[in-house]
Amino acid sequence: LACRTDLGGGGLAVYTVLETREIAAAGEAASVDVVTAECPADTAPAGGSYAAAPGLEISSAGIEANGYSVVAANPTAAPLTLNVTATCLGAAASP
């Protein structure tokens, strides 16, 4: 999911990108995962956030490369959901 808001003609465009991932339960193939919300081409990450299901253990979160990344571990017996959002800036289209 990507949303765009223009802040004036020839100014900045703000994009919000959401990446949702199910983190596997402990004992399955992988219980640690890196989830990244990637910014669109020709934009740069300005920040981000995440919403983790109760039980997920977050070891790091921040701007990385061209997006916002979160490293999560799932020590529980059930898959859990992690939502990662990147806020990206780019040039607005000229009117």
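Just above sits the structure.
First things first, this report covers the structure right here in the doc. In this text the structure is predicted, and so the values were computed from the model without any measurement.

**Comments concerning the environment of Leu 18**
Okay, so step 1: When you line up the elements, Leu 18 lands in strand β2 (residues 12-23).
Okay, so step 2: Between the C-alpha atoms of Leu 18 and Val 84, which are 66 residues apart in sequence, the distance is 5.8 Å.

**So, the state of the cysteines**
Okay, so step 1: Under the definition given, this model contains one disulfide.
Okay, so step 2: Residue pairing for Cys 39: its cysteine sulfur links by disulfide to Cys 88, the two sulfurs lying 2.1 Å apart. For the disulfide bridge between Cys 39 and Cys 88, the dihedral angle about the S-S bond is near -80°, and by the sign convention the bridge is left-handed. Separated by 49 residues along the polypeptide, Cys 39 in the loop between β3 (32-38) and β4 (43-52) and Cys 88 in strand β7 (residues 80-91) bring together distant segments of the chain.
Okay, so step 3: Using a relative accessible area of 7% as the deciding quantity, one classes Cys 39 as buried.
Okay, so step 4: By relative accessible area, Cys 88 is classed as buried at 0%.

**Comments concerning the sheet that holds strand β6 (residues 67-73)**
Okay, so step 1: The antiparallel open sheet is built from three strands, whose spatial order is β3-β6-β5. Here the strands that pair on one side only, and so sit at the sheet edges, are β3 and β5 (57-64). When strand polarity is set aside, the average angle formed by the axes of neighbouring strands in this sheet is 15°.

**Side note on the pattern of salt bridges**
Okay, so step 1: Within this structure, the stated rule accounts for two salt bridges.
Okay, so step 2: One salt bridge in this structure joins Arg 21 and Glu 19, with 4.0 Å as the shortest N-O distance.
Okay, so step 3: A salt bridge links Arg 21 to Asp 33; the shortest N-O distance between them is 3.2 Å. Separated by twelve residues along the polypeptide, Arg 21 in strand β2 and Asp 33 in strand β3 bring together distant segments of the chain.
Okay, so step 4: Overall, Arg 21 belongs to the partly exposed group, its relative accessible area being 27%.
Okay, so step 5: In this structure Asp 33 comes out as partly exposed when scored by relative accessible area, which is 23%.
Okay, so step 6: Residues participating in the shared-partner salt-bridge network are Glu 19, Arg 21 and Asp 33.

The rules behind each value
Residues numbered from 1 in each chain as written. Predicted model: local features only at pLDDT ≥ 70, side-chain atom pairs only at ≥ 80, totals over all residues. Heavy atoms only, no water. Helix = DSSP H or I, 4+ residues; strand = E, 2+ residues; numbered from the N terminus. Disulfide = S-S within 2.5 Å. Buried < 20%, exposed > 50% of the residue type's maximum accessible area, 1.4 Å probe, protein only. Pairing = 2+ DSSP bridges. Axes fitted to C-alpha atoms, helices over the stretch in contact; angles between N-to-C directions. Salt bridge = Lys/Arg side-chain N within 4 Å of Asp/Glu carboxyl O.

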